[in-house]
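Each chain is listed here by its residues.
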Amino acid sequence: MAAFLELEGVSKAYGALKVIDDLSVRLDAGEALGVVGPNGAGKTTMLQLAAGMLRPDAGRVRLEGRDVTDLPTRTRCQLGMAFTHQVPRPFVGMTVYENVLVGATFGRTVGVRGDGDPHQASLAALDAVELTGRANRLAGTLPLLELKRLELARALATDPRVLLLDEIAGGLTEAEVHQLVATIRRLRGAGVSIVWIEHIVHALLSVVDRIVAINFGRKLIEGEPRMVMASPEVRDVYLGSEAGLQQDPPATGNPVVPEGSG
């Protein structure tokens, strides 16, 4: 069976620095895939290659068997691929509703959600992330958790079949992480496929079916989430040979490995 989303042998370099090195990753329909690795491993670059924000130097990107390597980000979005940024990027001078309406108007093909009305698609997206009560509030005044929810709502308004989440839980308190995870699990239950980069391990483990660990732009190991996170390869490279892995939330604070760009 063809993968729903596939990166096949992709590479990306900046001068002599190879950020992604002959990396192959697949996502099946309805699957949630976690991506982990140390800072600078190439995780965010991998998502950007999938979304069309960057073009690979080699390799191909396929969506439902269709080669989309040469298609721009907006076209991939209209085909059902949506990306959320690690640091939220709202239109701060627009309302929450107006931000979501932009995605519903320009990021999808007509008629794919509800009755095809961007207004209805926007309301549905706001409801899905529990932001309906903030619809008329300026986006620039939202606290961090609601900004993260707005990133999700803008993506959902495009009617995605796959969500690319770049450390969406980063910077949140433990209680906020649990709230956001509950939202993501509902989206997963609605049939949206997910690729999720995250440093907060217990958040990933509560959602994903499979984890891929990468290092220096290459696949290190992949498989069942707890098996991957307990593997010697991940302990040595991702956490450090002397570090233990905390897979369950602690009494206080976020169970994280150091954050940073990936």
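Just so it is clear, the structure is predicted and the values come from calculations on it, not from any experiment.

Rules used throughout
Residues numbered from 1 in each chain as written. Predicted model: local features only at pLDDT ≥ 70, side-chain atom pairs only at ≥ 80, totals over all residues. Heavy atoms only, no water. Pairing = 2+ DSSP bridges. Helix = DSSP H or I, 4+ residues; strand = E, 2+ residues; numbered from the N terminus. 1 Å grid on protein atoms, 1.4 Å probe; cavity = no way out; pocket = protein on both sides within 12 Å on 5 of 7 lines; lining within 4 Å. Points joined across faces, edges and corners; volume = space filled by probe spheres on them. Buried < 20%, exposed > 50% of the residue type's maximum accessible area, 1.4 Å probe, protein only. Lys, Arg positive; Asp, Glu negative; His and termini not counted. Salt bridge = Lys/Arg side-chain N within 4 Å of Asp/Glu carboxyl O. Polar contact = N/O pair within 3.5 Å; in protein donor to acceptor, adjacent residues only side chain to side chain. Axes fitted to C-alpha atoms, helices over the stretch in contact; angles between N-to-C directions. Contact = heavy atoms within 4.5 Å. Expected span 1.5 Å × (residues − 1). pLDDT = per-residue confidence, 0-100.

Undergrad: I keep staring at the pairing of strand E2 (residues 17-27) and nothing clicks. Help me out?
TA: Side-chain positions along a regular strand alternate between the two faces of the sheet. Bridging between strand E1 (residues 5-14) and E2 involves 7 bridges; their strand directions are antiparallel. By the bridge assignment for E2, Leu 5 is matched with Leu 27. As consecutive antiparallel partners, E1 and E2 are separated by 2 residues, and within that stretch Gly 15 has a phi angle of approximately 65 degrees, a positive value.

Undergrad: Where do I start with empty space enclosed by the protein in this structure?
TA: Gaps left between atoms are located by rolling a probe of water-molecule size over the structure's atoms. Scanning all chains against the criterion turns up 2 cavities of 30 Å³ or more. Put simply, the largest cavity is a space of about 70 Å³. Together, Leu 5, Leu 7, Val 25, Arg 26, Leu 27, Leu 33, Met 46, Leu 47, Ala 50, Leu 164 and Val 195 line the largest cavity. Those elements giving two or more residues to the lining of the largest cavity turn out to be E1, E2 and helix H1 (43-51).

Undergrad: Which parts of the structure should I look at to understand the side chain of Glu 198?
TA: Structurally, Glu 198 is set in the loop between strand E8 (193-197) and helix H7 (201-205). Buried Glu 198, no salt bridge; nearest opposite-charge side chain is Lys 148, N-O distance 7.1 Å. Within the structure, Glu 198 has its side chain in polar contact with the backbone nitrogen of Ile 168 (distance 3.4 Å). Here Trp 196 takes part through its side chain, which lies 3.0 Å from a polar atom of the side chain of Glu 198.

Undergrad: Whenever I open this one, the sheet that holds E8 confuses me. Can you help?
TA: What links the strands of a sheet is backbone hydrogen bonding, and the strands pair in either a parallel or an antiparallel sense. Read from one edge of the open sheet, 6 strands run E6-E7-E8-E3-E9-E10, paired in mixed fashion. Looking along the sheet, the strands with just one partner apiece sit at the ends: strand E6 (81-84) and strand E10 (218-223). Each strand axis lies, on average, 15 degrees off the axis of its neighbour in the sheet, ignoring direction. Of the strands in this sheet, strand E3 (32-36), E6, strand E7 (162-166), E8 and strand E9 (210-215) are in contact with H1, which crosses E7 at around 150 degrees.

Undergrad: Teacher, can you tell me more about helix H6 (residues 174-189) here?
TA: In an α-helix, one full turn covers 3.6 residues, which means residues spaced three or four apart are oriented alike. For H6, built from 16 residues, the straight-helix expectation of 22 Å at 1.5 Å per residue is met to within 8% by its first-to-last C-alpha distance of 23 Å. Taken residue by residue, H6 has Glu 174, Val 177, Leu 180, Val 181, Thr 183, Ile 184 and Leu 187 as its buried positions. Along its buried surface, H6 packs onto helix H4 (118-128), helix H5 (144-156), E7, E8 and H7. Of the residues one or two after H6, Gly 191 is the one with positive phi, at around 100 degrees.

Undergrad: Hey, could you run me through the sheet that holds E1 in this one?
TA: Taking strand neighbours across the sheet as the criterion, the 4 strands line up as E2-E1-E4-E5 in an open arrangement whose pairing is antiparallel. Every other strand in the sheet has two partners, leaving E2 and strand E5 (66-67) as the edge strands with one partner each. Pairing of strand E4 (residues 58-63) with E5 involves 2 bridges; the strand directions are antiparallel. Of the residues in E5, the one forming a bridge with Arg 62 is Asp 67. Against the sheet, H1 makes contact with E1, E2 and E4, and its axis sits at roughly 65 degrees relative to E2, the strand it touches most.

Undergrad: Sorry, what's going on with the confidence of the model for the protein here?
TA: Detailed reading of the predicted coordinates is not advisable wherever pLDDT falls low. Residue-level pLDDT values for the protein average 89, and 87% of them are 70 or greater. Predicted confidence in the protein is weakest over helix H9 (residues 232-240), with a mean pLDDT of 79, and strongest over E4, with 98. Predicted confidence is poor over residues 110-114, with pLDDT under 50, and the contacts of this stretch with residues over four places away or in other chains come to 10 contacts. Counted against residues more than four places away or in other chains, residues 241-246, with its pLDDT under 50, gives 12 contacts.

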